[in-house]
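Summary of structural features
Residue-level listing of the chains:
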Amino acid sequence: MEKLLSIVREFLPSLPDAQVRPLGNGLINTTYVVEVNGEPKYVLQSINTAIFPDVDGLQGNIEAVTSHLRKKLEAAGETDIDRKVLHFLPLGEKEGAKTYYTDPADGKVWRLMKFIPGSVTLSEVTPETALQAGEAFGRFQSDLADINKQLVEIIPGFHDMEFRLRQLADAIKADPKGRAAGVADILAEIDKYAGTMTEADRLRREGKMPVRVCHCDTKVNNMLYDAATGDVLCVIDLDTVMPSMVFSDYGDFLRTAACSTPEDEPDTDKIAFRNEIFEAFTRGYLSSAKSFLTKEEKDWLPLAVALFPYMQAVRFLTDWINGDTYYKIAYPEHNLVRTKAQMRLFEKVMEQMPELKKFVASLD
């Protein structure tokens, strides 16, 4: 407790007595809430530098984005700005200072942000919450469409399909566990669609598909809601904000939210695509993103719904062939089960592709 409090005081030297308690169960960063007089005031996080080694780039991205969003809110006359955008504190409360602290004792890196009062997160995806999520993430991209700072690609190749297929090819070539022959049928299916699923990457290289500032981890629980009204306050968890194509935010949300089962469902007959979630999220997304989307981006949205289960299947299969070195597994064939589940979802989406295209085209 005293150790954590001393870290908080690197940011807030004049902080009175406070309590530091664990907050949430995040898989990447370790998070604590800082309470003053029994009230939550700040959130302290230890940054996982194994995932995010470029802390300068990480925090630079976040500072550029939050500053830009804050200016947009100010220009719009927003009176509740501190609840509508995250605010990270500089060291020693000095303007322009770094927004992270490296502990010389153990090398751990910490940051401190203001706690947003009266806020909650949600985990259940319904048509109503999908509509809200679509509006929020579309607005997030729209508000950042005119940012004048070049952000760092904090995880290179994160949503690059060509890169993910190259990783799979490397895994097949090395085949350290002798598993490649046993998944020949899945590899053939992946190869069948490789050209279609890498088309957006080709268009990007040719300058026909814009690169935007995207969140790159769009989940319903990556938004804060007003506990009293149920309205979305702001988008959170900004670690993966970086240059990407809009499909990163649109397709990735639907990969999990519109699937009827968890991503590792062993009984693939149970896997279905929830069309009502797709339609609600798409309505919300286009209502706030249509102001900046090009025709090519809008036309490609249905294929983005298929792209992300396909991409995740490739990533799970790559890890299976490599011997389960990246994703945590709960049992020996976990990554193979995940692969088959994602490929089943991909198949379900592709079966409905004509209807998905028709629906997107119907929305102005």
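Residues numbered from 1 in each chain as written. Predicted model: local features only at pLDDT ≥ 70, side-chain atom pairs only at ≥ 80, totals over all residues. Heavy atoms only, no water.

Focus on the packing of aromatic side chains
In the structure shown here, the tally under the stated rule is 13 aromatic pairs. Residues F137 and F253 carry aromatic rings whose centres are separated by 6.4 Å and whose planes lie at 55° to one another, so their mutual orientation is tilted. Of the two residues, F137 sits in helix α3 (residues 127–143) while F253 sits in helix α7 (residues 247–257), which places them 116 residues apart along the sequence. Judged by its relative accessible area of 1%, F253 is buried. A ring pair is formed by F273 and F278, whose centres lie 6.1 Å apart and whose planes are at 50°; its orientation type is tilted. There is no split in this pair, since F273 and F278 are both buried. By way of ring pairs, the aromatic residues F137, Y250, F253, F281 and Y285 are connected into one cluster. Between R179 and the ring centre of W320, over which it is positioned, the NZ or CZ distance is 3.8 Å. (Phe/Tyr/Trp six-rings, centres within 6.5 Å; stacked < 30°, edge-to-face > 60°. Helix = DSSP H or I, 4+ residues; strand = E, 2+ residues; numbered from the N terminus. Buried < 20%, exposed > 50% of the residue type's maximum accessible area, 1.4 Å probe, protein only. Lys NZ or Arg CZ within 6 Å of the ring centre and 35° of its normal.)

Some words on the packing of α3 against helix α8 (residues 275–289)
To characterise two packed helices, one gives the angle between the axes of the helices and the distance between these axes. The contact between α3 and α8 brings their axes to 7 Å, and the two run at 30°. The pairing of α3 with α8 is recorded here as roughly parallel in orientation. Helix-helix and strand crossings are classified by hand; for α3 and α8 the assignment is right-handed. Contact residues: α3 offers P127, A130, L131, A133, G134, E135, F137, G138, R139, Q141 and S142, while α8 offers E276, I277, A280, F281, R283, G284, Y285, S287, S288 and A289. Class assignment of the residues belonging to the contact of α3 with α8 gives a composition of ten nonpolar, seven polar and four charged. (Axes fitted to C-alpha atoms, helices over the stretch in contact; angles between N-to-C directions. Parallel < 35°, antiparallel > 145°, perpendicular 65-115°, else oblique. Left-handed = near helix turned anticlockwise from the far one by under 90°. Contact = heavy atoms within 4.5 Å. Nonpolar A, V, L, I, M, F, W, Y, C, P; charged D, E, K, R; others polar.)

A word on the confidence of the model for the protein
Looking at the protein, pLDDT values average 94 and 99% of them are 70 or higher. For the protein, the element scoring lowest by mean pLDDT is strand β1 (residues 19–22), at 90; helix α10 (residues 334–351) scores highest, at 98. (pLDDT = per-residue confidence, 0-100.)

As for the environment of M242
Looking at where M242 falls in the secondary structure, it is placed in strand β10 (residues 242–244). The class for M242 is buried, based on a relative accessible area of 2%. Contact partners of M242, with chain neighbours within four places excluded, come to N61, L151, V152, E153, I154, I155, F158, R212, V213, C214 and C216.

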